[in-house]
Amino acid sequence: MTDITRRAVLGAAGLGAAGTALSWKRLTGLDIPGRGADQLNIAINGTAQDAAANQGLIDAFSALHPDIKVRIVPIQGADWSDFFAKILTLVAAGTPPDVVMVATEGTQLFAERLAHPLDEFVMRDKEEMREFFEDVHPSLIEAFMYQGNLFQLPLSWNAANMYFSSKAMERAGLDYPREDWTWGDFQGHLRQMRKASTGTFRPFFWTNRLWGGVVPWLYSNDTSFLKPSRYAGGEWLWQQFYPGEKGRSGGYRWAEPNADDPKVLESFEFLQELVAENLGSSPVQGGGNELVSRFGSGVIGMTPSGGYWVHGLNQAGMKRDDYDVAFFPKRRTQQHQFGTAGYAIMRASKRKDAAWEWLKFCVSNQGMGIAQKNPDSNSARRSHNTKLYKDTGPAHWKVFYETLDRYPTTAPVPAPPQEAAVETALIKNVLGAVTGSRSNVKRALATLQRDLELAMKES
Amino acid sequence: MMGVPVNPAAAAETPVPSIPAAPGRRGEGKLAALLLAPTVIGITLFTLVPIIGSIVLAFFDWDIISTPKFVGVKNFQTLASSPTIRVSFLNTFGFVLIAVTLQIAVAMTLAVLVQSKMPGWLRSFFRSVFFFPLILSAASVSLIMSYLFNEDFGTINKLLGLLGMSPVHWLTSTTGAMVVTVLVYVWQNFGFTFLLFIGGLASIPQDIYEASDIDGASPMKRFWQITMPLVSPTMLVATVMAIISALQIFDQPYVLTKGGPGDSTRTAVMVIYQSAFQELQFGLAAAIGLVLMLIIMLVTWLQFRLSKRFVFYM
């Protein structure tokens, strides 16, 4: 074995130290583009391509605000919960973004722990903002209020409407449903569709998730799995921008489990019946991407979805008259559910004024026109929504925004600050409730109630 | 040999030379320390410190944003009282029992078949084919499998339909979901165990088999009385590794079923992930992780203790 001298050890240590010094930036992450630079960091739920697609928006913003440098940070999440977890990791690491795209699912979580209220900015620039509020339905604004404060400005949103395949309707001899069609009508449609079909055709296909899963059936039966109530406050906004609007609040409040409500049982029993009768699928978990191809290939009769499907179906080769969209069928009410997304300013941000300028620009007519060119979500602006769908959407594309206009009680999906635990509790009990015998339903709802109690307690 | 006295008396008189300090012995120590340093530093920084951190964290309530709050054993009480966590541990144990048994059985059977008289190229082919799934990402494999096993539009049910069978609720029934999870996991992981057994079987001296041939031993007798005892050290290693790996199952059930239906495929590691990164209860997640670590240590220790009874070293 070669002897090793003190000199050799010192030399090796010196080399090690020099190597460490040379790679210090890499080791500490200082070489990550944009880190430590004086710029507005905006986190979006998406890929590098999504971030690149925002370049036009950044360029237009920079033309107006040359002093504000902007960087879009794409963060890929399997779902919103996953995205929020990654944002929280950035916060814990001491590198929080200044602005974050947050959907309804995370609004109250961010409002309670991370986001800065927009009230002072909105009121400071109220004259400039008036035109925006006039073009946006108050339900979308109310969804972003929490305990009387406003935390986000809505950019896009989607309600659960009912999509149907024109071919399946035609084959079954069905006409476009009446505006106030009922659960019974819906079930009748499914039966006729099945009678007229062959092969693996499913009259109704649905996914097991918070948005578009069981919630629309609960809302249209005048109930929910969390008891809905409202926070007081918010008059500062309603009086200023929606003076004629009555009954608006300081935000939605979901504090108590409600799975033992007989109307919840009734809704679940209806879905169980659809599955048992082989009219509806056992709901699988997952997003809508996979559904697009199935619906496009004609193996699904009806499914709940939002405006975001139009672009996907166009890309899948479906023509405007190959499908259509209708309001969700009613039971006790025709209240729909929706989800919306917009930017929130982080409490920890040192660039809040610059962040507000970004928010304002993104909701402006110019900003929305640049950011959203395809009908891949409903726009919060009524006017822009028309531009998105009138030439590309299905025959009844007006249903999208009219869901809010015609049914102003339409509400966001239940998303308290403990949304992740609540969503897990819901999703995990839905399948057990609707698959199998009728007696399963009550048992599964009892477990759901227990899980929700635990989820709400653990906050 | 030169210098070694032949006469014992002379030998007694010859002083036994003391072992001289090996030249460079101190230098060797330094070299060893230098070479080990990166690993020791790495393990300390990235394994020991996080383990200690997790143990400490298990006694705190921490949501990543607020300051951690000491809560004593509250997280362990929550762990013990939570039906979901309890079920997730039971699922994990059930999964380990079934998946590891199947994995070992499949790997052993195939290894014996491949090691039997077979052209070399065919043996190489099977080794590659069986090992191949292991190099794939568990998440992507599970995603593809979720399409194959889809109740309405999946290929498996289509094939069953062609045979006149009714569609099976693969991922939407509690039993079906667990069956698919086990199958996907075993399919993806048996290749490594298979390779271990191939190595173990190759190390058995052929003359033992030849002797058994002369004695007229049947193939089954040869398997149980020669192959199994001599491959038992490999079996021990394979079982220990398979159990440790299976106790940490996450990807497959997470992608296939997200733990459902109900809690039927929810595993301990999945609950750790959900508690920490979805429900922001990092203290609880650390407590579950700590319990899981202790279970893994206990199971491994038990295996080595019990191995004295069935492992045969040549």
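Sequence order sets the numbering: in each chain, residues are counted from 1 along the sequence as written. Chains and ligands are labelled sequentially in the order written, the chains with letters from A and the ligands with numbers from 1. Whole-chain, interface and lining totals are the exception, using all residues; otherwise, since this is a predicted model, local features are given only for residues with pLDDT of at least 70 and side-chain atom pairs are given and counted only at 80 or more. As a rule here, side-chain values come from all non-hydrogen atoms in the structure, and water together with hydrogens is ignored.

Under an unreviewed UniProt entry, chain A has the name Carbohydrate ABC transporter substrate-binding protein (CUT1 family) and belongs to Luteococcus japonicus.

(A) Spatial organisation of the overall build of chain A. By the criteria applied, helices consist of DSSP H or I runs no shorter than four residues and strands consist of E runs no shorter than two, each listed in order from the N terminus. From N to C terminus, chain A includes 22 helices and 16 strands. Radius of gyration (C-alpha) of chain A: 25 Å, near the 23 Å computed for a compact globule of 459 residues. Dimensions of chain A, computed from the C-alpha atoms along their principal axes, are close to 90 × 70 × 45 Å. Of the contacts made within chain A by residues no fewer than 6 positions apart, 79% connect residues no fewer than 24 positions apart. Under the convention used here, a 1.4 Å probe and the Shrake-Rupley method define accessible areas, while residue burial counts only the protein chains that appear. Of the roughly 18,500 Å² of accessible surface on chain A, 52% is carried by carbon and sulfur atoms. Here the radius of gyration uses the C-alpha set of atoms, whereas the globule reference equals 2.2 Å times the residue count to the power 0.38. It only takes one pair of heavy atoms within 4.5 Å for two residues to be counted as in contact.

(B) Here's a closer look at the pairing of strand 12 (residues 300–305) of chain A. Residues and elements named next belong to chain A. Partly exposed describes any residue whose relative accessible area lies between the buried limit of under 20% and the exposed limit of over 50%, with all areas from a 1.4 Å probe on protein chains only and scaled to the type maximum. Burial of strand 12 is extensive: six of the six residues sit out of reach of the surface. Strand pairing is assigned whenever DSSP identifies at least 2 bridges connecting the two strands. With four bridges connecting them, strand 8 (residues 161–165) and strand 12 associate as antiparallel partners. Counterpart to Phe164 in the pairing with strand 12 is Met302. Bridge count between strand 9 (residues 202–204) and strand 12: two bridges; the pairing is parallel. When the sheet's bridge partners are listed, Phe204 is paired in strand 12 with Met302.

(C) Spatial organisation of the domain arrangement of chain A. Residue and element names in this part refer to chain A. What counts as a domain boundary in this text is fixed by an automatic or database domain assignment. Entries for chain A in the domain assignment read domain 1 (40–158 + 339–389) and domain 2 (160–231 + 255–336 + 415–456). Each of domain 1 and domain 2 was reduced to a C-alpha centroid, and the two centroids are 29 Å apart. The interface of domain 1 with domain 2 comprises 17 residues on the first partner and 18 residues on the second. Two parts placed together each lose some accessible area; with a 1.4 Å probe, that loss summed over both constitutes the buried area. When the area that domain 1 buries against domain 2 is broken down by residue, the three leading residues are Glu105, Gln108 and Asn158, summing to 35%. One speaks of a salt bridge when a side-chain nitrogen belonging to Lys or Arg is within 4 Å of a carboxyl oxygen belonging to Asp or Glu. On the surface where domain 1 and domain 2 come into contact, there are one salt bridge. The salt bridge involving Arg230 is made with Glu142; its shortest N-O contact spans 2.7 Å. For the side of domain 1 that touches domain 2, the element with the most residues is helix 6 (residues 104–113), which contributes five residues. Looking at the side of domain 1 that touches domain 2 residue by residue, the classes come out as four nonpolar, nine polar and four charged. Following the grouping adopted for this structure description, the nonpolar residues are Ala, Val, Leu, Ile, Met, Phe, Trp, Tyr, Cys and Pro, the charged ones are Asp, Glu, Lys and Arg, and the polar ones are all others, Gly among them.

(D) Local environment of the interface of chain A and chain B. On the side of chain B, 32 residues touch chain A, which itself brings 36 residues to the contact. For the pair chain A and chain B, the summed buried surface comes to about 3,100 Å²; carbon and sulfur atoms form 61% of the total. At the junction of chain A with chain B, the criterion picks out three salt bridges. The partner of Asp63 of chain B in a salt bridge is Arg113 of chain A, with the nearest N and O atoms 2.9 Å apart. Polar contacts, as used here, are pairs of N or O atoms within 3.5 Å; protein pairs need one atom able to donate a hydrogen and one able to accept it. Residues neighboring in sequence count only if both atoms are side-chain atoms. Where chain A meets chain B, there are six residue pairs in polar contact (both at pLDDT 80 or more). Sorting the residues of the side of chain A that touches chain B by element identifies helix 1 (6–22), helix 5 (80–92), helix 6, helix 15 (289–296), helix 21 (419–434) and helix 22 (438–457) of chain A as the ones contributing at least two each. Among the elements that line the side of chain A that touches chain B, the one with the most residues is helix 5 of chain A, at six residues. Here the residues of the side of chain A that touches chain B sort into 17 nonpolar, eight polar and 11 charged.

(E) Looking closely at a nonpolar patch on the surface. The grouping of Leu298, Trp301, Leu302, Leu306 and Phe310 of chain B at the surface amounts to a nonpolar patch, some 510 Å² of accessible area in total. Inspection of the secondary structure puts Phe310 of chain B in helix 13 (residues 282–310). The patch calculation keeps residues exceeding 30% relative accessible area without a salt bridge and links them within 9 Å when they carry like charges or within 5 Å when they are nonpolar (Val, Leu, Ile, Met, Phe, Trp, Tyr).

(F) Looking closely at the nonpolar core. The definition of a nonpolar core used throughout is a set of buried Ala, Val, Leu, Ile, Met, Phe, Trp, Tyr and Cys residues joined through side-chain atoms within 4.5 Å. Ile87, Val100 and Phe110 of chain A together with Phe95, Phe194, Phe197 and Ile288 of chain B are the most contacted members of the largest nonpolar core, which has 77 residues in total. In terms of residues, this core owes the most to one element, helix 4 (residues 83–115) of chain B, which gives 11 residues. When residues no more than four places from it in sequence are discounted, the contact partners of Val100 of chain A are Ala43, Phe83, Ile87, Phe110, Gly342, Tyr343, Ala344 and Met346 of chain A. Membership of the second largest hydrophobic core comes to 54 residues, among which are Trp181, Tyr219, Val430 and Ala433 of chain A.

(G) Region of the structure containing the packing of helix 3 (residues 74–81) of chain B against helix 4 of chain B. All names here are of chain B. Note on definitions: angles span 0 to 180 degrees between N-to-C directions of axes, and those axes are lines fitted to C-alpha atoms, for helices only across the stretch in contact. The interhelical angle for the contact between helix 3 and helix 4, taken along N-to-C directions, is 70°, at an axis separation of 5 Å. Taken as axis vectors, helix 3 and helix 4 run roughly perpendicular relative to one another. Contacts between helix 3 and helix 4 involve Thr78, Leu79, Ala80 and Ser81 on the former and, on the latter, Pro83, Ile85 and Arg86. The residue inventory of the contact of helix 3 with helix 4, partitioned by class, reads four nonpolar, two polar and one charged. Under this scheme an angle from 65 to 115 degrees is roughly perpendicular, one under 35 degrees roughly parallel, and one over 145 degrees roughly antiparallel; angles in between are oblique.

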